[in-house]
Structure formats: structure tokens, C-alpha cells
Amino acid sequence: MLRASFRRLLTLDDPPERTALAFSLGVFIAFSPFLGLHTIMATLVAFFFRFNKIAVYSGTFINNPFLTLVPIIIAAYAIGAFMLGRPLRIPAAGIELLRHPHLLTAAYYRRLFQESWDVVWPFTIGSLVLSVVCSLIAYPVTSALLRSRKRLKTAA
């Protein structure tokens with residue numbers, strides 16, 4: 001799937017820098033903490049900035065639920081926990097809530113919401129770090145590959 005997306009990316013007629021920028025914005029979206037909204041965000045970015053949708057989607061779909069979602073979530077949480085100086089485990093109170101759920105009480109959901117911040121906050125920080133770092137890496141790599149491909153194509 002990644003190989004097919006990259007091949008489509010190589011055949012776009014946009015300038016290499018613009019395609020690389022669209023791809024790297026897609027990568028930024030892929031690592032963002034807004035799970036479930038990635039496709040909508042990619043569509044909006046492509047529409048408002050008039051980027052090629054294939055380039056943005058190719059970057060965005062690096063994060064997919066079948067292969068990469070769980071490792072990305074774990075890495076994001078670990079990076080965020082490290083940066084915040086927190087342990088790399090769910091707090092005991094959160095584990096207790098999950099072991100003994102009282103699904104029909106409002107108090108349970110209030111406590112679940114309060115305890116979830118111990119996981120959500122590190123995940124959010126880590127995701128934003130991954131978004132920035134990975135998109136900053138994706139731009140020059142993709143740009144170089146696309147320029148190289150364009151040179152080979154014009155030389156042939």
C-alpha cells in the first residue's frame with residue numbers, strides 16, 4: 001500500500017517542492033493526536049491550500065489502523081511521558097477504574113474523564129512532537145526523491 005501510494009506520488013505533475021510540502025503536511029496530520037479526524041483534516045488541508053489530494057492522503061495514511069496505529073500511539077505516549085517526567089505506565093487509579101467499571105453511573109464517567117488526563121496529556125504532547133519531527137524529515141526526503149525522479153525523467 002505504501003509503495004503504491006509512493007508510485008502515485010511520483011507521477012504527479014505538480015512541482016516537486018509543492019508535492020513534498022503536501023506530503024509532509026499529510027505526515028504531520030498522520031502523527032497528530034486527533035485520532036479519527038485525520039482524513040477530514042487532510043481533505044480540508046488539500047482543499048484550502050489547493051494541494052494535490054493524493055500527496056496529502058499519501059502522507060496521512062502512513063498512520064493506518066491495520067499496521068501503524070498502535071505503534072504510533074505507543075511511541076507518542078512514551079515520548080510525551082518522558083518529556084513530562086511521568087512514568088511509562090497507567091496510574092493505579094486508572095487501572096482500578098478499568099478493572100471495576102460501573103458503566104451505568106455518572107460518577108464512574110466523571111472519574112474516568114479525570115483519570116484519563118494522565119494518559120491523554122502525554123499522548124498529546126508526544127503526538128505533536130512526532131508530527132513536527134516526522135514532517136520535517138518527510139519534506140527534504142520526499143523533495144529529494146521527487147527532484148531525482150524528475151531529473152531522470154527529463155534525461156530519458
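These notes cover the structure that comes with them. (Residues numbered from 1 in each chain as written. Predicted model: local features only at pLDDT ≥ 70, side-chain atom pairs only at ≥ 80, totals over all residues. Heavy atoms only, no water.)

### Some points on the packing of helix 2 (residues 16-31) against helix 7 (residues 106-155)
Here's step 1: Contact pair helix 2 / helix 7: the axes reach a minimum separation of 7 Å and the direction vectors enclose 155 degrees. On the basis of their axis angle, the class for helix 2 and helix 7 is roughly antiparallel. Like other packed secondary-structure pairs, helix 2 and helix 7 cross with a definite hand, here right-handed.
Here's step 2: When its residues are assigned to classes, the contact of helix 2 with helix 7 shows 13 nonpolar, seven polar and three charged. (Axes fitted to C-alpha atoms, helices over the stretch in contact; angles between N-to-C directions. Helix = DSSP H or I, 4+ residues; strand = E, 2+ residues; numbered from the N terminus. Parallel < 35°, antiparallel > 145°, perpendicular 65-115°, else oblique. Left-handed = near helix turned anticlockwise from the far one by under 90°. Nonpolar A, V, L, I, M, F, W, Y, C, P; charged D, E, K, R; others polar.)

### So, the pattern of salt bridges
Pairing between side chains of opposite charge can happen when their charged atoms approach one another.
Here's step 1: Applying the stated criterion to the full structure yields two salt bridges.
Here's step 2: In this structure, the salt-bridge partner of D118 is R86, at a minimum N-O distance of 3.9 Å. Of this pair, D118 sits in helix 7 while R86 sits in the loop between helix 5 (69-84) and helix 6 (92-99), and the two are 32 residues apart along the sequence.
Here's step 3: Take D118: its relative accessible area is 27%, and that puts it in the partly exposed class. (Salt bridge = Lys/Arg side-chain N within 4 Å of Asp/Glu carboxyl O. Buried < 20%, exposed > 50% of the residue type's maximum accessible area, 1.4 Å probe, protein only.)

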